[in-house]
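Chain and residue survey
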Amino acid sequence: MTPEPTAAYTLHTALDGITPGQVQGFFVDWPNPPAPDTFLRLLRGSYRVVLAVHDGQVIGFVQAVSDGVLTAYIPLLEVLPEWQGRGVGRALMTRMQDELRHLYAVDLGCEDHLVPYYEALGMRRGNLMFTRNYARQDGSLPD
Ligand SMILES: CC(C)(COP(=O)(O)OP(=O)(O)OC[C@H]1O[C@@H](n2cnc3c(N)ncnc32)[C@H](O)[C@@H]1OP(=O)(O)O)[C@@H](O)C(=O)NCCC(=O)NCCS
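As the structure is a computational prediction, the values presented were derived from the model and not from experiment. (Residues numbered from 1 in each chain as written. Predicted model: local features only at pLDDT ≥ 70, side-chain atom pairs only at ≥ 80, totals over all residues. Heavy atoms only, no water.)

1. Thoughts on the nonpolar core
Formed by 36 residues in total, the largest nonpolar core has its most connected members in Leu43, Leu51, Ile74, Val88, Leu92 and Met93. Broken down by secondary-structure element, the contributors of at least two residues to this core are helix H1 (36-44), strand S3 (48-54), strand S4 (57-66), strand S5 (71-79) and helix H2 (88-99). Beyond its immediate stretch of four places on either side in the chain, methionine 93 contacts Val62, Ile74, Leu77, Leu108, Tyr118, Leu121 and Met123. (Core = buried A, V, L, I, M, F, W, Y, C linked by side-chain atoms within 4.5 Å. Buried < 20%, exposed > 50% of the residue type's maximum accessible area, 1.4 Å probe, protein only. Helix = DSSP H or I, 4+ residues; strand = E, 2+ residues; numbered from the N terminus. Contact = heavy atoms within 4.5 Å.)

Printed below as a string of structure tokens:
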């Protein structure tokens, strides 16, 4: 897939050639974050990914998981702190919404303060029910 040029970064929807060294610095404030190789594993297991790449480094990403028929869920969207507030998150989400346009339902969960952010992207507020197993937060392979 041909990267789309922007002023400072390119958007990619394939993981070809991406190495753990290029996906550093994410999962800010996570007590037990996935290591870069685990991060790449979760990206490879996704239905769709969009990466923002600057100078060989991934500076933002969004992933979607899906049945490929009706529904998709967007578990993770993150932009590196030094790149936030420059439109990267919006560009990632807009591209992901386009990648998922053939589906019936696209859902995600977010904190209250981000509701306006996603409403501006055309999403509607609903309810999310969830569980968390914090011992598995780093995504390491079980023994
Ligand atoms: C949320 C996040 C992805 C936004 O990415 P970003 O690149 O900083 O956002 P953008 O620059 O594209 O912002 C687009 C618009 O949303 C607004 N916005 C950005 N972050 C916001 C926030 N936390 N709360 C409310 N509005 C926000 C911006 O002001 C901007 O509005 P404008 O176009 O009218 O100026 C980024 O802040 C991030 O990685 N946060 C930590 C991880 C996280 O919370 N991910 C979301 C999980 S649901």
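2. A word on the packing of aromatic side chains
Two measures describe an aromatic ring pair: the distance that separates the ring centres and the angle between the ring planes. This structure, assessed with the given rule, holds 8 aromatic pairs. A ring pair is formed by phenylalanine 26 and phenylalanine 61, whose centres lie 5.2 Å apart and whose planes are at 90°; its orientation type is edge-to-face. Of this pair, phenylalanine 26 sits in the loop between strand S2 (10-12) and H1 while phenylalanine 61 sits in strand S4, and the two are 35 residues apart along the sequence. For the pair phenylalanine 26 and phenylalanine 61, a shared accessibility class is recorded, and that class is buried. Seen from their ring centres, tyrosine 117 and tyrosine 118 are 5.2 Å apart, and the 85° between their planes marks the pair as edge-to-face. Take tyrosine 117: its relative accessible area is 30%, and that puts it in the partly exposed class. (Phe/Tyr/Trp six-rings, centres within 6.5 Å; stacked < 30°, edge-to-face > 60°.)

3. Thoughts on H1
Of the residues making up H1, those classed as buried are Thr38, Phe39, Leu40 and Leu43. Where H1 is buried, its residues contact S3 and S4.

4. Quick word on the pattern of salt bridges
Proximity of charged atoms lets side chains of opposite charge pair with each other. Considering all chains together, one arrives at 4 salt bridges under this definition. Here glutamate 99 ties to arginine 95 by a salt bridge, and the two come within 3.1 Å at their closest N and O atoms. Of the two residues, glutamate 99 and arginine 95 both sit in helix H2, 4 residues apart, roughly one turn of that helix. Here glutamate 99 and arginine 95 have matching classes, each one buried. Among the salt bridges present, the one from arginine 125 reaches aspartate 112, with a minimum N-O distance of 3.1 Å. You can see arginine 125 sitting in the segment after helix H3 (115-119) and its partner aspartate 112 sitting in the loop between strand S6 (105-107) and H3, a full 13 residues away along the chain. Residue classification places aspartate 112 among the exposed residues on the basis of a relative accessible area of 59%. (Salt bridge = Lys/Arg side-chain N within 4 Å of Asp/Glu carboxyl O.)

5. With respect to the site of the ligand
What surrounds the ligand is a group of 16 residues, the closest being Leu77, Val79, Gly87, Gly89 and Arg90. Contacts to the ligand include valine 79, whose backbone N or O atom sits 2.8 Å from an oxygen atom. In the model, an oxygen atom of the ligand is placed 2.7 Å from a nitrogen or oxygen of the arginine 90 side chain. Coverage of the ligand by the protein amounts to 60% of the 900 Å² it exposes when considered alone. If you list the elements that add at least two residues to the shell around the ligand, you get S5, H2 and H3. Considering only residue class, the shell around the ligand consists of 7 nonpolar, 6 polar and 3 charged. (Near = heavy atom within 4 Å. Polar contact = N/O pair within 3.5 Å; in protein donor to acceptor, adjacent residues only side chain to side chain. Areas by Shrake-Rupley, 256 points an atom, 1.4 Å probe, with all protein chains shown as cover. Nonpolar A, V, L, I, M, F, W, Y, C, P; charged D, E, K, R; others polar.)

6. Description of the environment of glutamine 84
Counting through the fold element by element, glutamine 84 comes out in the loop between S5 and H2. Separated by 20 residues in the primary sequence, glutamine 84 and tyrosine 104 place their C-alpha atoms 30 Å from one another.

7. Focus on the pairing of S5
Examined bridge by bridge, S4 and S5 share 6 bridges and lie antiparallel to one another. Bridge pairing links valine 62 to leucine 77 in S5. Of the strand pairs in this sheet, S5 and S6 are connected by 3 bridges, and their pairing is parallel. Note that in S6 the partner of tyrosine 73 across the bridge is aspartate 107. (Pairing = 2+ DSSP bridges.)

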